[in-house]
Amino acid sequence: MTNEEKAKIILEHLDEYIQVNWSLEKFYIKAIVNGLKKIEQREKEENEEI
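**Points about the overall build of the protein chain**
Along the backbone of the protein chain there are 2 helices and 0 strands. Relative to its length of 50 residues, the protein chain is extended, with a C-alpha radius of gyration of 13 Å against a globular reference of 10 Å. A principal-axis box enclosing the C-alpha atoms of the protein chain has dimensions of 40 × 20 × 15 Å. In the protein chain, which comprises 50 residues, the proportion classed as buried is 16%. When the accessible surface of the protein chain is totalled, it reaches about 4500 Å², and 52% of it is carbon and sulfur. Positive and negative side-chain charges in the protein chain, numbering 8 and 12 respectively, have mean positions lying 7 Å apart.

**Things to note about a negative patch on the surface**
Taken together, the side chains of E40, E43, E45, E46, E48 and E49 define an acidic patch exposed on the protein surface. Structurally, E46 can be placed in helix α2 (residues 25–49).

**Considerations on the nonpolar core**
If you look at the biggest cluster of nonpolar residues, it comprises 7 residues: A7, L11, V20, I29, I32, V33 and L36. At the level of elements, α1 (3–14) and α2 are the ones that each hand at least two residues to this core. It is α2 that provides the largest number of residues to this core, a total of 4 residues. Residue contacts for I32: discarding those within four places in its chain leaves A7, I10 and L11.

Rules used in this analysis
Residues numbered from 1 in each chain as written. Predicted model: local features only at pLDDT ≥ 70, side-chain atom pairs only at ≥ 80, totals over all residues. Heavy atoms only, no water. Helix = DSSP H or I, 4+ residues; strand = E, 2+ residues; numbered from the N terminus. Rg over C-alpha atoms; globule rule 2.2 N^0.38 Å. Buried < 20%, exposed > 50% of the residue type's maximum accessible area, 1.4 Å probe, protein only. Areas by Shrake-Rupley, 256 points an atom, 1.4 Å probe, with all protein chains shown as cover. Lys, Arg positive; Asp, Glu negative; His and termini not counted. Charge placed at Lys NZ, Arg CZ, Asp CG, Glu CD. Patch = residues over 30% accessible without salt bridge, like charges linked within 9 Å, V, L, I, M, F, W, Y side chains within 5 Å. Salt bridge = Lys/Arg side-chain N within 4 Å of Asp/Glu carboxyl O. Core = buried A, V, L, I, M, F, W, Y, C linked by side-chain atoms within 4.5 Å. Contact = heavy atoms within 4.5 Å.

This is how it looks when you write it as structure tokens:
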């Protein structure tokens, strides 16, 4: 599963708790994808330290 697919799932579930402005979907997806990439980087760094 790509980060974009993951981001869309996150956004769909976020919509259950807040009102998502779907006209801004591409910006939300970009932000979530960037967050997922940052998480992957940090996890990789943590695993390299072990």
